[in-house]
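Residue-level listing of the chains:
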Amino acid sequence: MSQFDAQSALIRIEVDGDAHPVPEGITVIQAMWNIGRPMLHGVGCLGGVCGACPITYRLPDQLASKTGLACQTAVREGMAITFIPSDVSKKAIAPLPKESPTQKTLFQYYPETRRCTACRACTSVCPQEIDVMGGVRAAINASSLGDLSTVAEKFTACVMCGLCAAVCEVQIKPHRAGMYARRLTGAFYPKEATRLLDRIEEVRSGKYASAWNRLLSADDEALSDYCRSEEALQGLAG
Ligand code: SF4
Ligand code: SF4
Ligand code: FES
């Protein structure tokens with residue numbers, strides 16, 4: 001008996017063609033555990049950041065299939081789910097250049113990027129809602145060194161799930177080219193982390209000493225109250 005069974009109404013989902021009743025209100029990954037699939041592959045962080053769990057699914061009232069991350073997608077009545085194999089696109093052995101990179105540096109390792117037909121399929125499947133095609137087009141149109149940082153910024157939220165590469169009709173690997181652009185940008189156009197430096201200075205000056213001591217001496221209930229407090233939220237925002 002699963003931890004979910006006693007608490008929730010059951011809905012019916014289909015996994016790789018087999019129907020299963022599962023509790024409503026859980027994620028696709030939790031549903032896999034509930035029906036007895038151990039999910040030794042295709043699951044990692046459970047937090048939507050490792051990109052290990054891409055799925056495609058179809059809902060009964062929709063003709064078009066959708067894509068998502070299984071750990072971030074809730075099960076729905078009648079949902080038909082298929083897991084997509086982990087990203088198998090080949091990563092180029094792309095070392096950092098000795099000199100300042102240009103667009104050619106990127107295309108040396110990911111030359112297929114030039115073949116983009118602007119079909120938009122990559123953007124439409126991205127679970128992170130990244131303008132993937134925009135990133136690819138930015139790489140193609142890059143004419144200055146700084147343009148590579150524009151490419152990199154497009155892929156900042158990429159979790160490397162590989163869905164964009166899986167649907168690309170001309171075998172472009174947008175996420176891999178994007179990651180290389182991020183490496184190049186990090187190495188050659190580092191921005192000063194001014195907010196981090198400010199915060200370090202504040203910590204050194206003792207600004208948070210009394211708050212820190214208060215937290216260290218708090219019991220569980222006081223800590224719980226603090227986490228829900230306006231003060232904690234402002235601390236996070238600040
Ligand atoms: S850009 Fe590609 S690899 Fe990155 S999150 Fe979007 S679909 Fe996944
Ligand atoms: S799926 Fe491929 S061809 Fe289509 S827009 Fe994206 S990168 Fe270009
Ligand atoms: S398990 Fe990491 S993104 Fe889903």
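Thresholds, definitions, all that
- Residues numbered from 1 in each chain as written.
- Chains lettered and ligands numbered in written order.
- Predicted model: local features only at pLDDT ≥ 70, side-chain atom pairs only at ≥ 80, totals over all residues.
- Helix = DSSP H or I, 4+ residues; strand = E, 2+ residues; numbered from the N terminus.
- Rg over C-alpha atoms; globule rule 2.2 N^0.38 Å.
- Contact = placed C-beta atoms within 7 Å.
- Near = placed C-beta within 6 Å.
- Nonpolar A, V, L, I, M, F, W, Y, C, P; charged D, E, K, R; others polar.
- Pairing = 2+ DSSP bridges.
- Axes fitted to C-alpha atoms, helices over the stretch in contact; angles between N-to-C directions.
- Core = buried A, V, L, I, M, F, W, Y, C linked by C-beta atoms within 7 Å.
- Buried ≥ 20, exposed ≤ 12 C-beta atoms within 10 Å, placed from the backbone.
- Domains from an automatic or database assignment.
- Parallel < 35°, antiparallel > 145°, perpendicular 65-115°, else oblique.
- Left-handed = near helix turned anticlockwise from the far one by under 90°.

**Some thoughts on the overall build of the chain**
- Regarding its fold elements, the chain presents 11 helices and 5 strands.
- For 238 residues, the compact-globule formula gives about 18 Å, and the C-alpha radius of gyration of the chain, at 23 Å, lies well above that figure.
- Along the first, second and third principal axes, the C-alpha atoms of the chain reach 60 × 60 × 30 Å.
- In the chain, the proportion of contacts linking residues at least 24 apart, taken out of those at least 6 apart, comes to 59%.

**Description of the site of ligand 2**
- Around ligand 2, a shell composed of 16 residues is seen, among which Cys116, Cys119, Cys122, Met133 and Cys168 lie nearest.
- The element contributing the most residues to the shell around ligand 2 is helix 4 (residues 132-140), with 3 residues.
- By residue class, the composition of the shell around ligand 2 is 13 nonpolar, 1 polar and 2 charged.

**Quick notes on the sheet that holds strand 5 (residues 80-83)**
- Taken together, 5 strands build an open sheet; the order of strands is 2-1-5-3-4 and the sheet is mixed. The two strands at the open ends of the sheet, each matched to only one other strand, are strand 2 (18-23) and strand 4 (66-69). The average undirected angle you get between the axes of adjacent strands in this sheet is 35°.
- Where strand 3 (residues 54-58) and strand 5 come together, 4 bridges link them in antiparallel fashion.

**Here's the deal with the nonpolar core**
- In terms of nonpolar packing, the biggest core is built from 46 residues, with Val28, Ala139, Cys164 and Ala181 touching the most fellow members.
- Considering each element in turn, this core owes the most residues, 5 residues, to helix 4.
- Residue contributions to this core reach at least three from each of two domains, namely domain 1 (10-83) and domain 2 (103-188).
- Contacts of Ala181, omitting those with residues within four sequence positions, involve Leu106, Ala139, Leu148, Val151, Ala152 and Phe155.

**What to know about the pairing of strand 2**
- Examined bridge by bridge, strand 1 (residues 10-15) and strand 2 share 6 bridges and lie antiparallel to one another. Considered in strand 2, the bridge of Glu14 is made with Ala19.
- Hairpin geometry of strand 1 and strand 2 is characterised by an intervening segment of 2 residues between the two adjacent antiparallel strands and by a positive phi of about 50° at Asp16.

**Some words on the site of ligand 1**
- Neighbouring ligand 1 are 16 residues, the closest being Cys126, Cys158, Cys161, Cys164 and His175.
- For the shell around ligand 1, the secondary structure elements donating two or more residues are helix 6 (163-167) and helix 7 (174-188).
- Split by residue class, the shell around ligand 1 holds 12 nonpolar, 4 polar and no charged.

**Quick notes on the domain arrangement of the chain**
- Splitting the chain by domain gives domain 1 (10-83), domain 2 (103-188) and domain 3 (194-231).
- When each unit is reduced to the centre of its C-alpha atoms, the spacing between domain 1 and domain 3 is 39 Å.

**Considerations on unusual backbone geometry**
- With a phi angle near 50°, Asp16 is a residue other than glycine that sits in the positive phi range.
- In this fold, Asp16 is placed in the loop between strand 1 and strand 2.

**Some points on the pairing of strand 3**
- By the bridge criterion, 4 bridges tie strand 3 to strand 4 in an arrangement that is antiparallel. Looking at strand 4, one finds that Thr56 is bridged to Thr67.

**Notes on the packing of helix 5 (residues 145-154) against helix 7**
- Their axes nearest at 8 Å, the elements helix 5 and helix 7 cross at an angle of 125°. Judged by the angle between their axes, helix 5 and helix 7 are oblique. Two packed elements cross with a definite hand, and for helix 5 against helix 7 that hand is left-handed. On helix 7, the residues that touch Leu148, Ser149, Val151, Ala152 and Lys154 of helix 5 are Gly178, Ala181, Arg182, Leu184 and Thr185.
- For the contact of helix 5 with helix 7, the per-class residue count stands at 5 nonpolar, 3 polar and 2 charged.

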